[in-house]
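Overview (structure and organization)
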Amino acid sequence: MNYQHAFHAGNFADLFKHALLVALLADFRRSAQPFNVIDSHAGEGVYDLEGEEARRTGEGAAAVQLMSARDVPAALRPLRQAIERLNHGRPLRFYPGSPWLVGDALRGGDRGLACEMNPAAASELRRALASYRRLEIVAGDGWATATRRAAPAPAPLLVLIDPPFEAGDDGARAVEALGRILSRNGSAIVAVWAPLKDLASFDALASDLEDAAGDRPVLVAELRLRALADPMRMNGCAMIVVNPPIGLAETAREAGRWIVSTLGEPGRAIEVRESA
Ligand SMILES: C[S@@+](CC[C@H](N)C(=O)[O-])C[C@H]1O[C@@H](n2cnc3c(N)ncnc32)[C@H](O)[C@@H]1O
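Quick summary incoming for the structure in this document. (Residues numbered from 1 in each chain as written. Predicted model: local features only at pLDDT ≥ 70, side-chain atom pairs only at ≥ 80, totals over all residues.)

Taken residue by residue, helix H4 (residues 77-86) has Leu79, Ala82 and Ile83 as its buried positions. One side of H4 carries all its buried residues, which in axial view fall inside an arc of 100 degrees. Turned more than 90 degrees away from the buried face of H4 sit Gln81 and Arg85, all of them exposed. Buried-residue contacts for H4 involve helix H1 (12-29), helix H3 (61-68), strand S3 (94-96) and helix H5 (98-105). Looking one or two residues past H4, His88 carries a phi angle of roughly 50 degrees, positive in sign. (Buried ≥ 20, exposed ≤ 12 C-beta atoms within 10 Å, placed from the backbone. Helix = DSSP H or I, 4+ residues; strand = E, 2+ residues; numbered from the N terminus. Arc of directions from axis to C-beta. Contact = placed C-beta atoms within 7 Å.)

As structure tokens, this is what we get:
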């Protein structure tokens with residue numbers, strides 16, 4: 001387990017994933033009904049863009065672009081505001097991970113659960129999110145915890161599945177977890193992040209997730225930063241969302257278009273499709 005998100009925090013893939021996550025949370029907040037959120041692969045919660053890891057890769061430059069742009073589309077504004085809240089209105093230094101965005105969105109009766117397997121990352125997560133009392137942190141396996149703790153139907157439930165995709169079986173485990181979560185709560189919104197290296201492996205994963213979703217609607221939002229010429233590189237990423245709320249496709253298109261036009265290279269593209 002070598003993956004450390006600190007090397008990648010605030011990169012193009014985080015902006016895309018987090019813009020959609022913030023939109024999903026905002027959608028839940030439109031109703032007075034309490035909701036539950038599970039973040040199966042949480043990471044450290046908050047990342048210092050001036051830290052050694054971030055400086056080594058420079059990937060956080062995408063977040064710098066987001067925060068310094070004169071104007072950004074409506075789809076990216078809530079994320080920008082969340083980053084401003086984390087930095088207390090001061091110039092960008094800290095970038096929020098998914099559990100921070102979840103903790104930031106929870107209201108009185110809402111509940112969150114963030115799982116992190118790496119002990120060092122889990123203790124950093126506990127420290128960074130200590131003030132969010134409605135967010136429970138589990139230092140352990142997110143695959144087992146997410147399926148065991150998924151609130152049964154009809155509770156409103158959002159599950160974010162964002163594994164490192166370093167182990168060869170992360171895709172298969174995501175498909176299995178999706179099936180188990182939906183069997184407990186068929187109306188759960190389940191969002192799976194996936195890397196886009198080559199089209200064949202991505203299409204196979206998307207199709208397996210769609211099969212596991214059965215006849216539920218699925219949104220596949222695919223962002224290509226460049227042509228998929230080198231399958232060893234992360235050429236883009238995708239969010240595959242089961243039971244997406246109305247309007248999420250447009251958010252993905254708008255956020256994706258800004259990200260690829262600001263940060264992309266020749267061969268860039270954004271493709272969003274929804275199956276009924
Ligand atoms: C891509 S990062 C998560 C980033 C985070 N979701 C965000 O958006 O800010 C993946 C994380 O999963 C953790 N991890 C790996 N295997 C895990 C498992 N079985 N259960 C929970 N966490 C795991 C890694 O240590 C890493 O911190």
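And the narrative resumes.
Taken together, 20 residues surround the ligand, and among them His41, Gly43, Gly97, Ser98 and Gly142 come closest. Going through the elements one at a time, strand S4 (111-116) and helix H7 (142-149) are the ones with two or more residues in the shell around the ligand. In terms of residue class, the shell around the ligand is made up of nine nonpolar, seven polar and four charged. (Near = placed C-beta within 6 Å. Nonpolar A, V, L, I, M, F, W, Y, C, P; charged D, E, K, R; others polar.)

Further remarks concern the pairing of strand S9 (residues 236-242). Taking burial as the measure, the seven residues of S9 include seven buried ones, the bulk of the element. Covered by surrounding structure in S9 are Gly236, Ala238, Ile240 and Val242 together with Cys237, Met239 and Val241, the residues of both alternating faces. Of the strand pairs in this sheet, strand S7 (residues 189-196) and S9 are connected by seven bridges, and their pairing is antiparallel. Within the sheet, the bridge partner assigned to Pro195 lies in S9 and is Cys237. (Pairing = 2+ DSSP bridges.)

Moving on to the sheet that holds S7. Spatial strand order, S5-S4-S1-S6-S7-S9-S8-S10: eight strands in an open sheet with mixed pairing. With partners counted over all chains shown, the strands left at the sheet margins are strand S5 (135-139) and strand S10 (269-275), one partner each. This sheet shows a mean twist of 10 degrees between the axes of neighbouring strands, independent of strand direction. Taken together, the seven bridges between strand S8 (residues 218-224) and S10 define a ladder with antiparallel strand orientation. Bridged to Leu223 within S10 is Ile270. In the packing of helix H6 (residues 119-128) onto the sheet, contacts are made with S4 and S5, and the angle to S5 comes to roughly 160 degrees. (Axes fitted to C-alpha atoms, helices over the stretch in contact; angles between N-to-C directions.)

As a packed pair, H1 and H5 sit with axes 10 Å apart at the nearest point and diverge in direction by 20 degrees. Considering their axes alone, H1 and H5 lie roughly parallel with respect to each other. Pair H1 / H5 crosses with right-handed handedness. Touching His18, Leu21, Val22, Leu25 and Arg29 of H1 are Ser98, Leu101, Val102 and Ala105, all from H5. In the contact of H1 with H5, the residues fall into six nonpolar, two polar and one charged. (Parallel < 35°, antiparallel > 145°, perpendicular 65-115°, else oblique. Left-handed = near helix turned anticlockwise from the far one by under 90°.)

Any functional reading would require information that these geometric values do not contain.
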